[in-house]
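Secondary and tertiary structure notes
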There are 2 protein chains.
Amino acid sequence: MSTPKDLKFYDSLKLRKTRAESGLFLAEGWRVVEDGLRSGCPCEAVFVREGFFGRHEETDALLSVANTVILGDKDFMKLSDTEAPQGLIGVFQSGGLLGHEPESGCLPALFDVADPRNLGGIVRSADWFGFTELLLGESCVDPFNGKAVRSSMGAVFRTRFIICEYLEERLAALKSRYRLVVADLDGRDYREFSRDPDSIFVFSNEARGPSEAILALADDIATIPGSGRGESLSVAVAAAVMMASLA
Amino acid sequence: MSTPKDLKFYDSLKLRKTRAESGLFLAEGWRVVEDGLRSGCPCEAVFVREGFFGRHEETDALLSVANTVILGDKDFMKLSDTEAPQGLIGVFQSGGLLGHEPESGCLPALFDVADPRNLGGIVRSADWFGFTELLLGESCVDPFNGKAVRSSMGAVFRTRFIICEYLEERLAALKSRYRLVVADLDGRDYREFSRDPDSIFVFSNEARGPSEAILALADDIATIPGSGRGESLSVAVAAAVMMASLA
């Protein structure tokens, strides 16, 4: 089969700008592509490395209903952005994974989470602990970034992302419906918090922390007490520990 | 000042074999080097990139008592293994960070954790939640691997590592003193466990899980219940969530 666009275009989906304009993103690795196809997320094409078929029976069956395009090693390696590619790259539409207004009673919000592995890791943990929506500030890395997608281990396809142009303004507006709990140092023990009442839990870049504006909006501050020897937990771990406690 | 060995030798510390033979390892980044110097861990040299001094007052003061060697850009970049080097690489002795017998009442053990970021992340979380010792199986990545050291954010210098040649045999021997709790699917809810009695909590590679031999030794299985949509949590997150609950 053929694809509606040329390889150069698909390669340009490594850029956030092209992803935003086209509403498409790349998902690499058999596990992630499988989760994408199973989720029903519209898939424009799956690039398969020559020789991949026949190694994973279940994947072969799934791929048989997708628009697969077999690529030679050279072309595949060019499109891949992993060091040891598994042989599958899917092109999916992001539209159905995006939302405008939160619908759930309790959700995490991320401020300034710039590392794609951290963001993808949080998507994966959120999915595990039953959070289906994520509010992302404008300074967060794109959840459809290749590394973020891979780190999510397919959870990206089970999450609804609300990407804000101005997170602080959005949080201010959401205060009419939600209680804002900000994760930071010197707050109340996180184990005192529950999923009720309707709450947004804000997690921030661990080096820079929440902004003054976000702290000013906070109804409460939640802290994970530690031994006091390390300076901080990673934001991916802090978010997971709090989400686990709320689950 | 000068260093006792040539740059080529220090570069070879990127290999586990050379680290094991020499008892030295590289720690890159100002935060990690600072933590190393503060910890009192013997430091053979600190390589400083030309132009680094004068940017962090506190670091400059710390460095003034270390054996610093200024390197030109080209040499520094060769020794560095990060994409955006911060300008500091310390050479530390690992001997004081290694132990033979566990001394604490409750400690994590890692089986087959091959990803250095996961291992370093667990070291960081363990430090935060007050676990000072870690038992590492032979198939784990070296805790003194460059990426593991960086991901630990300096916690490597506050941890005592017990590296086993045969983890399963070691765990069998430790059963006389410790209760073995293995993290896996389909066990008891992790929140039912406490730090007492003396326990070892075993965390395994998330894709392959614990070995049959380790499961056979288990006194109990601990599970982090999830929404059932994702297949697993990352081992770094699973370990952090359980350690948080035990803290």
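What follows is about the sheet that holds strand β9 (residues 199-204) of chain B. Adjacent strands of a sheet form backbone hydrogen bonds with each other and so pair up, either parallel or antiparallel. All names here are of chain B. The six strands lie next to each other as β7-β6-β5-β9-β8-β10, forming an open sheet whose pairing is parallel. Both edges of this open sheet fall to β7 (160-163) and β10 (220-223), since each of them pairs with a single strand only. Adjacent strand axes in the sheet meet at a mean angle of 35°, parallel and antiparallel pairs treated alike. Taken together, the four bridges between strand β8 (residues 179-189) and β9 define a ladder with parallel strand orientation.

Here we come to the interface of chain A and chain B. Listed by partner, the interface residues are 22 residues for chain A and 21 residues for chain B. Of all the secondary-structure elements, those providing two or more residues to the side of chain A that touches chain B are α6 (116-128) and α10 (235-246) of chain A. For the side of chain A that touches chain B, a count of residues per class yields 11 nonpolar, seven polar and four charged.

Residues and elements named next belong to chain A. Spatial ordering of the open sheet is given by β1-β4-β2-β3, a layout of four strands whose pairing is mixed. The sheet is open, and its two edges are formed by β1 (24-28) and β3 (68-71), each paired on a single side. Strand-to-strand twist across the sheet, computed as the mean angle between neighbouring axes with direction ignored, equals 20°. Against the sheet, helix α3 (residues 30-39) engages β1, β2 (43-49) and β4 (88-93), with an angle of about 35° to β4.

As a further point, take the relation of the copies chain A and chain B. Superposing chain A onto chain B takes a rotation of 180° plus a shift of 0.0 Å along the axis, which leaves an RMSD of 0.0 Å. Interpreted geometrically, this transformation is the action of a two-fold axis. Relative to the rotation axis, the closest C-alpha in chain A is found at V241 of chain A, a distance of 2.5 Å. When the interface residues of chain A are mapped onto chain B, 95% of them again lie at the interface, so the same face is used by both copies.

Reading guide: rules and limits
Residues numbered from 1 in each chain as written. Chains lettered and ligands numbered in written order. Predicted model: local features only at pLDDT ≥ 70, side-chain atom pairs only at ≥ 80, totals over all residues. Pairing = 2+ DSSP bridges. Helix = DSSP H or I, 4+ residues; strand = E, 2+ residues; numbered from the N terminus. Axes fitted to C-alpha atoms, helices over the stretch in contact; angles between N-to-C directions. Contact = placed C-beta atoms within 7 Å. Nonpolar A, V, L, I, M, F, W, Y, C, P; charged D, E, K, R; others polar. Least-squares fit on C-alpha atoms with pLDDT ≥ 70 in both.

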